[in-house]
Each structure stands twice: as C-alpha cells, then as structure tokens.
Amino acid sequence: MKHYKPLAWMMAIVIASTTLTACSLDGNEPEKPFTTCPVSESTLYAYGIGQPETRSDAGILFTEDDILWFDVNTREIRFRDTMEPLREKIPLLAGVDFYIGGEYLFSGGATFVGLICSQMFDDLVLCCGKIDGEVIDDGHYYLYDCYPLQFIDDERVQANIQKNAAHWELFTKYLERKGKLRK
C-alpha cells in the first residue's frame, strides 16, 4: 500500500505535463496569452488519509461531480444520493485532504469527525451530522472550522480561520463557478 500513493502522484504529474504540453503546441495561439489551458480545467476532489496507526489510505472520497451543493451559511456539503456514504469509506478521525487540480487546499487538511467524537478540534473538520438544539441530524455532512462549534471563538481556532481564509475563498469561488454554491 505504501507504493500506491507515490505512483498515483507520479501519474498525475505525467498527465498534467502531457496536457500542458498539448495545449502549448496546438498551433492556434490566441492573440493574448492565457495562463491556464482551457482544455484541462482543474477538478475538485477530496482524498482520504487513514489514521496513523493503520496508515491505510481511503483514496479519493469524492469529486466535484459527487457534490450537489455547498451552503456557505450552514457549511453543509450535500452529496448525490447515489454516492456511498463517507462514513462507510473512511474511519472517524482520519484525515481528509482537499485539492483543486494539483493545488492543495486548507493547510493541515481536515479531520473526519462524527457526533460521537468527544475531542476538540481547533482546525477544519468534515463532520458527519449536526446537533441543533434538541435535533440530531445524522445524515448530512458539514465543513466546520472547528469541532464542537462552541469553541469557534478560541484563539487557536481564530488563527486557523485566518490561515485558511484564502483557501476558503478559492474553494467557494470554484463551487460558485460550477453552480454548486448556495448563499
């Protein structure tokens, strides 16, 4: 299993290099140079990283095609009904890395948590479920800046929010361009 991740990265680099070369050699140069290849638009995806004890990676958890929408106010990320639930793909407390194309988002990644977690997380989490007063909503997923939410004003949480601000903007603008952002 250790050899698959470097192999996957090498394949991604080869594909990206080939695509960029193909775009630059097409012979139909536009009058104004462009900064990205219009044929190879980036893709949003999340990659699951197993817990340190197991070191088993879950692979790609979801791509932008699996996302129906993301609500910037509630931070809910809604997936297609046909997608296998994340809680069946990745163990709790495992890491989740987000990428747009080859660019890594959210320094430190996210931790996959559920409502049964009794730990505090002062950085980004992908949470399965939400407690809203007396109501427990266990079938939905949320991207929160910390867990549990009552620690949102903590100094470390606020520092991590600032650290991730540019990447949040990139993430939401990307989803908005794809028509998958709710405001």
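Structure: above.
Residues numbered from 1 in each chain as written. Predicted model: local features only at pLDDT ≥ 70, side-chain atom pairs only at ≥ 80, totals over all residues. Heavy atoms only, no water.

1. Considerations on the overall build of the chain
Tallying secondary structure elements over the chain gives three helices and nine strands in all. Sequence-ordered secondary structure for the chain, helices as α and strands as β, is α-β-β-β-β-α-β-β-β-β-α-β. For the chain, the residues scored as buried account for 36% of the 183 residues in total. The long-range share in the chain, meaning contacts at least 24 apart out of those at least 6 apart in sequence, stands at 50%. Here the chain has roughly 11400 Å² of accessible surface; of this, 55% comes from carbon and sulfur atoms. (Helix = DSSP H or I, 4+ residues; strand = E, 2+ residues; numbered from the N terminus. Buried < 20%, exposed > 50% of the residue type's maximum accessible area, 1.4 Å probe, protein only. Contact = heavy atoms within 4.5 Å. Areas by Shrake-Rupley, 256 points an atom, 1.4 Å probe, with all protein chains shown as cover.)

2. Side note on the nonpolar core
Counting 29 residues, the largest nonpolar core has Phe62, Leu86, Val96, Phe98, Leu126 and Phe171 as its most contacted members. Residues contacting Leu126, with those up to four places away along its chain left out, are Phe62, Ile77, Leu86, Val96, Ala110, Thr111, Phe112, Val113, Tyr141, Tyr142 and Leu143. Counting residues in each nonpolar core, the second largest holds eight residues, with Val113, Phe121, Val125 and Tyr142 among its members. (Core = buried A, V, L, I, M, F, W, Y, C linked by side-chain atoms within 4.5 Å.)

3. Points about unusual backbone geometry
Trans peptide bonds make up the majority, and among non-glycine residues the majority have a negative phi. Here the bond from Tyr147 into Pro148 is cis, since omega is -10°, no more than 30 degrees from zero. Its identity as a non-glycine residue notwithstanding, Arg75 has a phi of 70°, on the positive side. Even without being glycine, Leu93 reaches a positive phi, approximately 70°. Look at Leu93 and you get partly exposed, because its relative accessible area is 35%.

4. As for the state of the cysteines
Taken as a whole and assessed by the stated rule, the structure comprises zero disulfides. Free cysteine: Cys127, not disulfide-bonded; nearest cysteine sulfur from Cys128 at 7.0 Å. (Disulfide = S-S within 2.5 Å.)

5. Some points on helix 3 (residues 155-177)
Over its 23 residues, helix 3 extends 33 Å from the first C-alpha to the last, a length consistent with the 33 Å expected when each residue adds 1.5 Å. Along helix 3, the sharpest change in direction is near 50° and occurs at Asn164. Every buried residue of helix 3 is accounted for by Val157, Asn160, Asn164, Trp168, Phe171, Thr172, Tyr174 and Leu175. The opening residue of helix 3 is Asp154, an N-cap whose side-chain oxygen sits 2.9 Å from the backbone nitrogen of Arg156. One or two residues past the end of helix 3 sits Gly179, with phi positive at roughly 75°. (Expected span 1.5 Å × (residues − 1). Bend = angle between axes of the 7 residues up to and from the residue. Polar contact = N/O pair within 3.5 Å; in protein donor to acceptor, adjacent residues only side chain to side chain.)

6. Quick word on the pattern of salt bridges
Side chains that carry opposite charge are capable of pairing whenever their charged atoms lie near each other. Summed over the entire model, instances satisfying the criterion amount to eight salt bridges. Of the charged contacts, one joins Asp122 and Arg156 as a salt bridge, the two residues approaching to 3.7 Å between their closest N and O atoms. Highlighted residues: Asp122 in the loop between strand 6 (103-114) and strand 7 (125-132) and Arg156 in helix 3, separated in sequence by 34 residues. Owing to a relative accessible area of 47%, Arg156 belongs among the partly exposed residues under this scheme. The shortest N-O distance in the salt bridge between Lys163 and Asp123 comes to 3.1 Å. (Salt bridge = Lys/Arg side-chain N within 4 Å of Asp/Glu carboxyl O.)

7. Some remarks on the layout of surface pockets
Taken as a whole, the second largest pocket holds about 180 Å³ of empty space. Looking at the second largest pocket, the residues that line it are Ile77, Arg78, Phe79, Arg80, Asp81, Met83, Glu84, Pro85, Arg87, Gly139, His140 and Tyr141. Listed by contribution, the elements that provide at least two residues to the lining of the second largest pocket are strand 4 (76-79) and strand 8 (135-144). Counted by class, the lining of the second largest pocket contains five nonpolar, two polar and five charged residues. (1 Å grid on protein atoms, 1.4 Å probe; cavity = no way out; pocket = protein on both sides within 12 Å on 5 of 7 lines; lining within 4 Å. Points joined across faces, edges and corners; volume = space filled by probe spheres on them. Nonpolar A, V, L, I, M, F, W, Y, C, P; charged D, E, K, R; others polar.)

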